[in-house]
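# Working through the structure, step by step
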Amino acid sequence: MRIGVVCYPTFGGSGVVAVELGKALSDKGHDIHVITYSQPVRLDFFSANLAYHEVTIPKYPLFQYVPYETALTSKVVDVAIHEKLDLLHVHYAIPHASAAFMAQQILRSKGVNMPFVTTLHGTDITLVGKDPSYEPVVTFAINNSDGVTTVSESLKRDTYSNFDIKNEIEVIPNFIDLKRFSRKPKEHFKKAIAPNNERIVVHTSNFRKVKRVQDVVKVFDKVSKEINAKLLLIGDGPERVKIEELCRELGSCDDIRFLGKQEAIEEILSVCDLFIMPSETESFGLAALEAMACQVPVISSNSGGIPELNQEGFSGYLSKVGDVNDMAQKAISILKDDSTLNMFKENALVQARKFDVNQIMPLYEQYYQKVLAGNSVKVSS
Ligand code: GMT
């Protein structure tokens, strides 16, 4: 198949899923055309049948806000015609689904048929998308997609309850490349971070409010009073300054390292003992899956789709959002002795294997076939 892929190029989970899926599909022999405004972070490899098309936006003094959606739509039209796309797959509804609909209409006027699949990833539904500034467009674009997928059952439920959706939604979960994400021998690195063999706790995110990174620091503070430990905070974002202030208030700065945005995340995860994901909402929790694949158990909130990934008492534990005492107690119960910790580490990998890319990618392929055959989403009224 010749597939166009529209995504955000940044460290966000939707861009990672889009590029990793594109890579897996191109390895399988499909022609993939990634369309976005800058080279995606994870698109750092060569594949003979994967191309990147940059959306360029001419500057003009009249524009206070650049009309990105218009430029994206034009680029999709161009790529669809010249690369003879069979199908377009857009990741994250805003503004990609409405741009895809517009491109489809333009192409139709030129006698070209291009069905499109919209994958909803999370905050496009649970947070930003339901804002009245976006809701009518998101609803319309979802209802006019030729295929709609969500990354968890929880996000599917949220989509139906937040929007007036007439289409059927297919759930296809996030996935992991277990060849890349595996525990690697990085003893020198472990020694540098934890010279006295402290336990290493880790959190990665974009440090947005919804991630509740302050809870990570509070949990760590309680854990480190019982167990010698270090905390690695990976990523960056709007809450960073507040998080640093909290570390200072709690007097825990010496045991916490801010590593910033990191690309070889699997190398860092390889030396870690526990991942903390206390998110307010989380449609799936790709960052936790990456940790689990590197044999790092997870202490998480029980929000959104996280319970579909993190199995209570097996790959880690789940607590109510904001219950830092419960999270800390459960973290201590995992970290307290080597045999318990090793059991949770093995279980984390067992759980991660359920989301192996080699099992999930074919679900997208089958779904594309269904869309191309014209019997994917439309619910007869
Ligand atoms: O908020 C983020 O972490 C980024 C966001 C995105 O759309 O880029 O991530 C969402 O998509 C990921 C991939 O499908 C999911 O694993 C994340 O759970 C989801 N984030 C939220 O729901 C907050």
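Here the structure is a predicted model, which is why all the values come from computation and not from measurement. (Residues numbered from 1 in each chain as written. Predicted model: local features only at pLDDT ≥ 70, side-chain atom pairs only at ≥ 80, totals over all residues. Heavy atoms only, no water.)

Turning next to the sheet that holds strand E9 (residues 229-235). Where strands meet in a sheet, backbone hydrogen bonds hold them as pairs that are either parallel or antiparallel. Taken in spatial order, the six strands make up an open sheet running E10-E9-E8-E11-E12-E13, and their pairing is parallel. Two strands in the sheet have a free side with no partner beyond their single neighbour: strand E10 (256-260) and strand E13 (316-319). Shown here is a sheet whose adjacent strand axes are inclined to one another by a mean of 20°, direction ignored. Bridge count for strand E8 (residues 199-205) against E9 is seven bridges, and the pairing is parallel. Across the sheet, the residue bridging to Arg199 is Ala229, located in E9. (Pairing = 2+ DSSP bridges. Helix = DSSP H or I, 4+ residues; strand = E, 2+ residues; numbered from the N terminus. Axes fitted to C-alpha atoms, helices over the stretch in contact; angles between N-to-C directions.)

This paragraph deals with the packing of helix H8 (residues 213-226) against helix H12 (residues 324-335). Two elements in contact, H8 and H12, have axes separated by 9 Å at closest approach and are oriented at 45°. In terms of orientation, H8 lies oblique with respect to H12. The two elements H8 and H12 cross, and the hand of that crossing is right-handed. Every residue of H12 that contacts H8 at Asp215, Lys218, Val219, Lys222, Val223 and Glu226 is listed here: Val324, Asn325, Met327, Ala328, Ala331, Ile332 and Leu335. Among the residues making up the contact of H8 with H12, the classes are represented as eight nonpolar, one polar and four charged. (Parallel < 35°, antiparallel > 145°, perpendicular 65-115°, else oblique. Left-handed = near helix turned anticlockwise from the far one by under 90°. Contact = heavy atoms within 4.5 Å. Nonpolar A, V, L, I, M, F, W, Y, C, P; charged D, E, K, R; others polar.)

Looking at the assigned domains, one finds that the chain contains domain 1 (2-175 + 357-374) and domain 2 (187-353). Each of domain 1 and domain 2 has a C-alpha centre, and these two points are 31 Å apart. Tallying the contact residues gives 21 residues for domain 1 and 16 residues for domain 2. Summed over the shared surface of domain 1 and domain 2, the result is one salt bridge. Summed over the shared surface of domain 1 and domain 2, the result is seven residue pairs in polar contact (both at pLDDT 80 or more). Elements represented by at least two residues in the side of domain 1 that touches domain 2 include exactly helix H1 (13-27), helix H4 (123-126) and helix H6 (153-162). (Domains from an automatic or database assignment. Salt bridge = Lys/Arg side-chain N within 4 Å of Asp/Glu carboxyl O. Polar contact = N/O pair within 3.5 Å; in protein donor to acceptor, adjacent residues only side chain to side chain.)

One pass over the structure, following the stated rule, counts 24 salt bridges. Residue Glu282 is joined to Lys211 by a salt bridge in which the shortest nitrogen-to-oxygen separation is 3.0 Å. One end of the pair, Glu282, is in the loop between strand E11 (274-277) and helix H11 (286-293); the other, Lys211, is in the loop between E8 and H8, and 71 residues separate them in sequence. Of the residues examined, Glu282 reaches a relative accessible area of 11% and is grouped as buried. Its relative accessible area of 12% is what places Lys211 among the buried residues. In this structure, Lys345 engages Asp273 in a salt bridge whose closest nitrogen and oxygen atoms are separated by 2.8 Å. (Buried < 20%, exposed > 50% of the residue type's maximum accessible area, 1.4 Å probe, protein only.)

Take the packing of H12 against helix H13 (residues 338-352) next. The description of two packed helices rests on the angle between their axes and on the distance between the axes. Between H12 and H13, whose axes approach to 6 Å, the crossing angle comes to 100°. Looking at the two axes, H12 sits roughly perpendicular to H13. Side by side, H12 and H13 meet where Ser333, Ile334 and Leu335 of the first sit next to Thr340, Leu341 and Phe344 of the second. When the residues that make up the contact of H12 with H13 are grouped by side-chain class, the tally is four nonpolar, two polar and no charged.

Attention shifts here to the pairing of strand E1 (residues 2-6). Among the five residues of E1, four are classified as buried, and the element is accordingly described as predominantly covered. In this structure, E1 lies alongside strand E2 (residues 31-36), joined through five bridges in parallel fashion. Across the sheet, the residue bridging to Gly4 is His33, located in E2. Judged from the four bridges that link them, E1 and strand E4 (residues 87-91) form a sheet pairing that is parallel.

Counting along an α-helix, one turn takes 3.6 residues, and residues three or four places apart therefore face a common direction. Helix length check: helix H14 (residues 357-372) (16 residues) gives 22 Å between terminal C-alpha atoms against 22 Å at 1.5 Å per residue, within 8%. Within H14, the full set of buried residues consists of Val357, Ile360, Met361, Tyr364, Glu365, Tyr367, Tyr368 and Val371. Projected onto a plane normal to the axis of H14, the buried residues spread over an arc of 165° and lie on a single side. For H14, the exposed residues lying more than 90 degrees away from the buried face are Asn358 and Gln366. Against the buried residues of H14 lie E1, H1, E4, strand E5 (116-120), strand E6 (147-150) and strand E7 (170-171). Its side-chain oxygen 2.9 Å from the backbone nitrogen of Asn358, Asp356 forms the N-cap of H14. Where H14 terminates, the next one or two residues include Gly374, which has phi positive at roughly 80°. (Expected span 1.5 Å × (residues − 1). Arc of directions from axis to C-beta.)

As a further point, take the site of the ligand. In the vicinity of the ligand, 19 residues are found, and the nearest of them are His121, Asn174, Arg208, Lys211 and Glu282. Residue Gly13 places a main-chain N or O atom 3.2 Å away from an oxygen atom belonging to the ligand. Here an oxygen atom of the ligand sits 2.5 Å away from a polar atom, N or O, in the side chain of Glu282. Relative to its free-state accessible area of 480 Å², the ligand is covered by the protein chains to the extent of 94%. The greatest single-element share of the shell around the ligand, amounting to three residues, is contributed by H1. (Near = heavy atom within 4 Å. Areas by Shrake-Rupley, 256 points an atom, 1.4 Å probe, with all protein chains shown as cover.)

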